[in-house]
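Chain residues, written in single-letter form:
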Amino acid sequence: MNFDSKIVVKGNAVELLRRGLAAASWKGHSIAMGTNTDPYQRCEGKYRLTRGIVEVLGEAANPFSVLTKSALVLRDLDVLTAAARRTSVSVSLSIGTVDPAVWRATEPGAPHPRRRGDAGRRLADAGIPILGTSPDAIDLAEDRERFLALLDRLGLRQPQNGTAASPEAARRAAEPVGFPLVLGASHDLRGRRLENRR
(Lines give C-alpha, C1' and ligand atoms only; values in the text may rest on other atoms or scores of the structure.)
Protein backbone atom coordinates (compact mmCIF):
# COMPACT_ATOMS: atom_id res chain seq x y z
CA MET A 1 0.00 0.00 0.00
CA ASN A 2 1.23 3.50 -0.79
CA PHE A 3 0.89 5.28 2.55
CA ASP A 4 1.31 8.69 0.94
CA SER A 5 -1.44 8.48 -1.69
CA LYS A 6 -3.95 6.02 -0.21
CA ILE A 7 -5.09 7.34 3.14
CA VAL A 8 -8.05 5.99 5.11
CA VAL A 9 -9.69 8.83 7.04
CA LYS A 10 -11.67 7.91 10.12
CA GLY A 11 -13.97 10.91 10.08
CA ASN A 12 -15.66 10.04 13.38
CA ALA A 13 -12.39 9.57 15.32
CA VAL A 14 -12.90 12.63 17.53
CA GLU A 15 -16.41 11.60 18.60
CA LEU A 16 -15.36 7.99 19.17
CA LEU A 17 -12.49 9.18 21.36
CA ARG A 18 -14.80 11.48 23.33
CA ARG A 19 -17.15 8.55 24.02
CA GLY A 20 -14.27 6.23 24.90
CA LEU A 21 -12.78 8.67 27.40
CA ALA A 22 -16.17 9.13 29.05
CA ALA A 23 -16.68 5.39 29.54
CA ALA A 24 -16.51 4.19 33.12
CA SER A 25 -14.08 1.47 32.05
CA TRP A 26 -11.46 3.99 30.80
CA LYS A 27 -8.59 4.30 33.30
CA GLY A 28 -6.87 7.36 31.85
CA HIS A 29 -3.83 5.60 30.42
CA SER A 30 -1.46 7.66 28.32
CA ILE A 31 -2.20 7.61 24.59
CA ALA A 32 0.68 7.56 22.10
CA MET A 33 -0.23 9.06 18.73
CA GLY A 34 1.95 8.51 15.69
CA THR A 35 3.44 5.14 16.59
CA ASN A 36 1.69 3.51 13.62
CA THR A 37 1.21 6.39 11.18
CA ASP A 38 1.99 10.10 11.35
CA PRO A 39 -0.99 12.02 12.80
CA TYR A 40 0.13 15.13 10.88
CA GLN A 41 0.07 13.74 7.34
CA ARG A 42 -0.87 16.19 4.61
CA CYS A 43 -4.55 15.21 4.75
CA GLU A 44 -4.64 16.46 8.36
CA GLY A 45 -4.49 19.97 6.92
CA LYS A 46 -7.94 19.34 5.45
CA TYR A 47 -9.62 17.06 8.01
CA ARG A 48 -8.20 18.51 11.27
CA LEU A 49 -8.86 15.25 13.13
CA THR A 50 -5.60 15.33 15.09
CA ARG A 51 -6.42 18.82 16.28
CA GLY A 52 -9.82 17.62 17.47
CA ILE A 53 -8.24 14.62 19.20
CA VAL A 54 -5.73 16.85 21.00
CA GLU A 55 -8.56 19.13 22.12
CA VAL A 56 -10.60 16.20 23.47
CA LEU A 57 -7.60 14.67 25.26
CA GLY A 58 -6.83 18.05 26.82
CA GLU A 59 -10.43 18.58 27.95
CA ALA A 60 -10.36 15.12 29.57
CA ALA A 61 -6.92 15.77 31.11
CA ASN A 62 -5.80 12.46 29.60
CA PRO A 63 -2.01 12.24 29.12
CA PHE A 64 -0.70 11.79 25.58
CA SER A 65 2.32 11.97 23.33
CA VAL A 66 2.68 12.75 19.64
CA LEU A 67 5.31 11.38 17.26
CA THR A 68 5.55 13.21 13.93
CA LYS A 69 7.93 14.34 11.25
CA SER A 70 5.64 17.19 10.18
CA ALA A 71 5.94 20.87 11.00
CA LEU A 72 2.11 20.97 10.75
CA VAL A 73 2.17 20.19 14.47
CA LEU A 74 2.78 23.94 14.97
CA ARG A 75 -0.73 24.65 13.72
CA ASP A 76 -1.96 23.03 16.94
CA LEU A 77 0.40 24.83 19.28
CA ASP A 78 -2.53 26.54 21.01
CA VAL A 79 -4.40 23.31 21.80
CA LEU A 80 -1.18 21.47 22.72
CA THR A 81 -0.23 24.16 25.25
CA ALA A 82 -3.79 24.24 26.61
CA ALA A 83 -3.69 20.46 27.04
CA ALA A 84 -0.23 20.65 28.66
CA ARG A 85 -1.69 22.92 31.37
CA ARG A 86 -4.08 20.09 32.32
CA THR A 87 -2.09 16.89 31.75
CA SER A 88 1.21 15.37 30.62
CA VAL A 89 1.89 16.14 26.93
CA SER A 90 5.02 15.55 24.87
CA VAL A 91 5.95 15.75 21.20
CA SER A 92 8.66 13.72 19.50
CA LEU A 93 9.95 14.98 16.18
CA SER A 94 11.41 12.33 13.92
CA ILE A 95 14.53 13.62 12.20
CA GLY A 96 15.89 10.70 10.20
CA THR A 97 18.96 12.46 8.85
CA VAL A 98 20.59 15.87 8.68
CA ASP A 99 22.12 15.13 5.27
CA PRO A 100 20.05 16.92 2.56
CA ALA A 101 20.81 14.28 -0.10
CA VAL A 102 19.77 11.42 2.18
CA TRP A 103 16.67 13.37 3.27
CA ARG A 104 15.57 13.91 -0.35
CA ALA A 105 16.14 10.24 -1.18
CA THR A 106 14.53 8.67 1.90
CA GLU A 107 11.82 11.09 3.03
CA PRO A 108 10.07 12.49 -0.05
CA GLY A 109 7.33 14.85 1.00
CA ALA A 110 8.65 15.25 4.55
CA PRO A 111 9.71 18.70 5.74
CA HIS A 112 13.44 19.52 5.70
CA PRO A 113 15.13 18.35 8.92
CA ARG A 114 15.96 21.96 9.82
CA ARG A 115 12.28 22.89 9.53
CA ARG A 116 11.39 20.05 11.90
CA GLY A 117 14.09 21.19 14.30
CA ASP A 118 12.71 24.74 14.18
CA ALA A 119 9.25 23.34 14.96
CA GLY A 120 10.72 21.51 17.94
CA ARG A 121 12.32 24.70 19.23
CA ARG A 122 9.02 26.60 18.95
CA LEU A 123 7.17 23.84 20.79
CA ALA A 124 9.85 23.75 23.49
CA ASP A 125 9.72 27.55 23.82
CA ALA A 126 5.97 27.19 24.42
CA GLY A 127 6.65 24.71 27.25
CA ILE A 128 5.86 21.46 25.41
CA PRO A 129 8.37 18.72 26.31
CA ILE A 130 10.19 17.75 23.10
CA LEU A 131 12.24 14.72 22.20
CA GLY A 132 14.22 14.42 18.98
CA THR A 133 14.05 10.85 17.77
CA SER A 134 17.27 9.29 16.57
CA PRO A 135 17.00 6.78 13.75
CA ASP A 136 18.27 3.24 14.20
CA ALA A 137 19.40 3.40 10.58
CA ILE A 138 22.18 5.91 11.27
CA ASP A 139 25.29 3.87 11.96
CA LEU A 140 27.99 6.30 10.93
CA ALA A 141 29.43 8.07 13.97
CA GLU A 142 29.81 11.38 12.12
CA ASP A 143 26.12 11.37 11.09
CA ARG A 144 25.04 10.67 14.66
CA GLU A 145 27.31 13.44 15.93
CA ARG A 146 25.87 15.87 13.38
CA PHE A 147 22.36 14.83 14.44
CA LEU A 148 23.14 15.39 18.15
CA ALA A 149 24.82 18.71 17.33
CA LEU A 150 21.67 19.82 15.47
CA LEU A 151 19.52 18.96 18.51
CA ASP A 152 21.91 20.90 20.76
CA ARG A 153 21.82 23.97 18.49
CA LEU A 154 18.04 23.89 18.53
CA GLY A 155 17.91 23.52 22.31
CA LEU A 156 16.17 20.15 22.13
CA ARG A 157 16.69 17.23 24.50
CA GLN A 158 19.01 14.46 23.48
CA PRO A 159 17.16 11.44 22.12
CA GLN A 160 15.97 8.86 24.60
CA ASN A 161 15.43 6.22 21.95
CA GLY A 162 17.54 5.01 19.08
CA THR A 163 19.96 2.17 18.68
CA ALA A 164 20.48 0.14 21.83
CA ALA A 165 22.65 -2.89 22.46
CA SER A 166 19.62 -4.98 23.43
CA PRO A 167 15.86 -4.69 23.92
CA GLU A 168 16.48 -4.57 27.68
CA ALA A 169 18.84 -1.60 27.27
CA ALA A 170 16.22 0.15 25.13
CA ARG A 171 13.58 -0.42 27.83
CA ARG A 172 15.89 0.96 30.54
CA ALA A 173 16.49 4.10 28.45
CA ALA A 174 12.80 4.64 27.66
CA GLU A 175 11.21 3.98 31.06
CA PRO A 176 12.55 6.98 33.06
CA VAL A 177 11.01 9.48 30.64
CA GLY A 178 7.81 7.54 29.99
CA PHE A 179 8.71 7.36 26.33
CA PRO A 180 6.87 4.72 24.27
CA LEU A 181 9.27 1.97 23.35
CA VAL A 182 9.42 0.85 19.75
CA LEU A 183 12.10 -1.67 18.88
CA GLY A 184 13.53 -0.95 15.48
CA ALA A 185 14.71 -3.27 12.77
CA SER A 186 17.92 -3.97 14.66
CA HIS A 187 16.08 -6.67 16.67
CA ASP A 188 13.71 -9.43 15.65
CA LEU A 189 10.50 -10.23 17.51
CA ARG A 190 12.34 -12.46 19.97
CA GLY A 191 14.78 -9.67 20.82
CA ARG A 192 17.73 -11.25 18.98
CA ARG A 193 20.17 -8.76 17.50
CA LEU A 194 20.05 -8.58 13.68
CA GLU A 195 23.15 -7.94 11.65
CA ASN A 196 23.20 -4.81 9.49
CA ARG A 197 23.25 -5.73 5.81
CA ARG A 198 24.45 -3.30 3.19
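Rules of the game
- Every chain begins its residue count from 1, and numbering advances along the sequence as written.
- Local features in this predicted model are restricted to residues whose pLDDT is 70 or higher, and side-chain atom pairs enter the listing and the counts only when it is 80 or higher, whereas totals over whole chains, interfaces and linings include all residues.
- Calculation of side-chain values draws on the structure's entire complement of heavy atoms; hydrogens and water are dropped beforehand.
- A pairing counts as a salt bridge when a side-chain nitrogen of Lys or Arg comes within 4 Å of a carboxyl oxygen of Asp or Glu.
- Starting at the N terminus, helices and strands are each numbered in turn, a helix being any DSSP run of H or I of at least four residues and a strand any DSSP run of E of at least two.
- A score from 0 to 100, pLDDT tells how confident the predictor is in each residue.
- Any two residues whose heavy atoms approach within 4.5 Å are treated as being in contact.
- What counts as an axis is a line fitted to C-alpha atoms, over the stretch in contact for a helix, and the angles between N-to-C directions run from 0 to 180 degrees.
- Every angle not falling under 35 degrees, over 145, or within 65 to 115 is termed oblique; those three ranges are roughly parallel, roughly antiparallel and roughly perpendicular.
- If you view the pair so one helix is near and one far, a crossing is left-handed when the near helix is turned anticlockwise from the far one by less than a right angle, and right-handed when it is turned clockwise.
- When residues are grouped by polarity, Ala, Val, Leu, Ile, Met, Phe, Trp, Tyr, Cys and Pro land in nonpolar, Asp, Glu, Lys and Arg in charged, and all others, Gly among them, in polar.
- Classification of residues uses two cut-offs on accessible area relative to the type maximum, computed with a 1.4 Å probe and protein chains only: under 20% is buried, over 50% is exposed, and between them is partly exposed.
- Pairs of strands are assigned from DSSP output, requiring at least two bridges between the strands.
- The handedness rule is simple: strands pointing away from the viewer, and a clockwise path from the first strand over the helix to the second, make the crossover right-handed.
- Helix span is expected to be 1.5 Å times the residue number reduced by one.
- The arc refers to the directions leading from the helix axis to the C-beta atoms.

**Some points on the pattern of salt bridges**
Here the structure, examined in full by the defined rule, presents ten salt bridges. Its salt-bridge partner being Glu15, residue Arg19 comes within 4.0 Å of it at the nearest N-O pair. Of the two residues, Arg19 and Glu15 both sit in helix H1 (residues 13-22), four residues apart, roughly one turn of that helix. Of the charged contacts, one joins Arg75 and Asp76 as a salt bridge, the two residues approaching to 2.7 Å between their closest N and O atoms.

**Considering the confidence of the model for the protein**
Looking at the protein, the pLDDT average stands at 75 and 63% of residues meet or exceed 70. Summarising per-element confidence for the protein, the mean pLDDT is lowest in helix H8 (residues 167-174) (49) and highest in helix H3 (residues 49-59) (97). Per-residue pLDDT stays below 50 along residues 136-141; that stretch engages in eleven contacts with residues further than four places along the chain or on separate chains. In the predicted structure, residues 173-198 sits below a pLDDT of 50 and forms 38 contacts with residues beyond four places in sequence or in another chain.

**Quick notes on the packing of H3 against helix H4 (residues 77-84)**
Where H3 contacts H4, the axes come no closer than 8 Å and their chain directions differ by 20°. The orientation of H3 with respect to H4, classified from their angle, is roughly parallel. Where H3 crosses over H4, the handedness of that crossing is left-handed. Between H3, through Arg51, Val54, Glu55 and Gly58, and H4, the contact on the second element is made entirely by Asp78, Val79, Leu80 and Ala83. Here the residues of the contact of H3 with H4 sort into four nonpolar, one polar and three charged.

**A closer look at the pairing of strand E2 (residues 64-68)**
Of all the five residues making up E2, four are buried; the element is thus mostly covered by neighbouring parts of the structure. Note: strand E1 (residues 31-33) against E2, three bridges, orientation parallel. Of the residues in E2, the one forming a bridge with Ala32 is Ser65. Where E2 lies against strand E3 (residues 89-94), five bridges are found, and the strand directions are parallel. Looking across to E3, one finds that Ser65 is bridged to Ser90. Taking the sense of rotation as the criterion, the β-α-β connection linking E2, H4 and E3 turns out right-handed.

**Remarks on helix H6 (residues 113-125)**
In this model H6 runs 18 Å from its N-terminal to its C-terminal C-alpha over 13 residues, within 8% of the 18 Å that 1.5 Å per residue would give. Buried within H6 are the following residues: Pro113, Arg116, Gly117, Ala119, Gly120 and Leu123. Each buried residue of H6 sits inside an arc of 155° when the element is viewed along its axis, so together they form one side. Residues Arg114 and Asp125 are exposed on H6 and point more than 90 degrees away from its buried face.

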